[in-house]
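Given next are the chains, with one letter for each unit.
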Amino acid sequence: MSSKKNVVIAALMSAIFAFNIDANEFSIRTVNGIEEVSSDGHPLMENDSESLSISRFIRTSDLTLDSVWDIPLRKSWWSRPYEYAWTMQFAGPDLVVLDAACGISHPLKWYLADNCKETWACDTDPRIVSREAIIQETYDDLGEDAYLTLMSKDYIFDKITLLQASIFDLPDSMPLFDRIFCVSTLEHLLPDERVRTLENFAKILAPNGWLILTVDYPEVTPEELSIAAKNAGLVSVSAEEIGSPPVGTLNNGYYSIYRCVYKREPLKK
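Conventions we followed
Residues numbered from 1 in each chain as written. Predicted model: local features only at pLDDT ≥ 70, side-chain atom pairs only at ≥ 80, totals over all residues. Heavy atoms only, no water. pLDDT = per-residue confidence, 0-100. Contact = heavy atoms within 4.5 Å. Salt bridge = Lys/Arg side-chain N within 4 Å of Asp/Glu carboxyl O. Helix = DSSP H or I, 4+ residues; strand = E, 2+ residues; numbered from the N terminus. Buried < 20%, exposed > 50% of the residue type's maximum accessible area, 1.4 Å probe, protein only. Phe/Tyr/Trp six-rings, centres within 6.5 Å; stacked < 30°, edge-to-face > 60°. Lys NZ or Arg CZ within 6 Å of the ring centre and 35° of its normal.

Caption draft 1: Here's a closer look at the confidence of the model for the protein. When pLDDT is averaged across the protein, the result is 86; 81% of the residues are at 70 or more. In the predicted structure, residues 1-45 sits below a pLDDT of 50 and forms 61 contacts with residues beyond four places in sequence or in another chain.

What follows is the structure, encoded as structure tokens:
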């Protein structure tokens, strides 16, 4: 082999190694438990609606939004534009949904209320049950444009049930939900509280309902979340990506965002 060919091959191998540094830590756990190692470490691209339900890290190539329900998102919410763009695709006009730990100014609950059959939203902050407090916080947190949007569409308060409640101590008055949305919240809980929360979610999921969830990695790892879900009686709807974040993962310098979709574990025959 000529020296020129050796140089070319060496360069190619160096490039492959440089772009594949996380490949050995990146794998997919399929629904039947078989693990398949990514061949090149590059992000998996979504190309159909079914791929939305794959539990995996959010990529920089994923869909992103600047606003939700005509409310501009705060610039410091580095991951929300991606999280909301993904979660909103699970809404539907025939669905009963819950925005769990919804926040006061966060606009996902308004989008759900405007696009779903019945919407509930809960938060531990007592301001969640005060229209005036929500409007004021929207102005203080998101600015005048967000405030004016909410004021011009204040009919939305009549289309949503707002409730002060903890996600690991939900009231019995709630219905069964077709979708439960919980965005970047579980990482703020202790491990036993996460299991308790997932157990609560499992209890109020409709038989064919889905839990739409995001967490901050490495505060919560895919493996930890999968085990906690299993202990709570939940299983992944589709494949699960496990291991470290692959190349192309959204990251703010420390945190990455893991997204997942769970359903109630089928009863054993």
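Further notes follow.
Caption draft 2: Spotlight on the pattern of salt bridges. Scanning all chains against the criterion turns up 10 salt bridges. For K153, the salt bridge is made with D70, and the minimal N-O distance between the two is 3.4 Å. Note that K153 is positioned in the loop between helix 5 (144-152) and strand 8 (160-164) and D70 in the loop between strand 4 (67-68) and strand 5 (71-72), a separation of 83 residues in sequence. For K153, a relative accessible area of 15% puts it in the buried group. Note that K230 and E265 form a salt bridge whose closest N and O atoms lie 2.6 Å from each other. Linking K230 in helix 7 (residues 222-231) with E265 in the segment after strand 13 (256-264), this pair joins segments that are 35 residues apart in sequence. Accessibility expressed as a relative area gives 46% for K230, which makes it partly exposed.

Caption draft 3: Highlighting the packing of aromatic side chains. Using the criterion set out here, one finds nine aromatic pairs in the structure. Plain terms: the ring middles of F90 and W210 are 6.1 Å apart, the flat faces sit at 65 degrees to each other, and that makes the pair edge-to-face. Here F90, found in the loop between helix 2 (80-87) and strand 6 (96-100), pairs with W210, found in strand 10 (residues 205-217); they are 120 residues apart in sequence, far enough to count as distant. Ring centres 4.7 Å apart and planes at 85 degrees place the aromatic pair Y254 and Y255 in the edge-to-face group. An aromatic cluster is present here, built from F57, Y217 and Y258 joined pairwise through their rings. Above the ring of W69, the side-chain terminus of K153 is found at 3.9 Å from the ring centroid.

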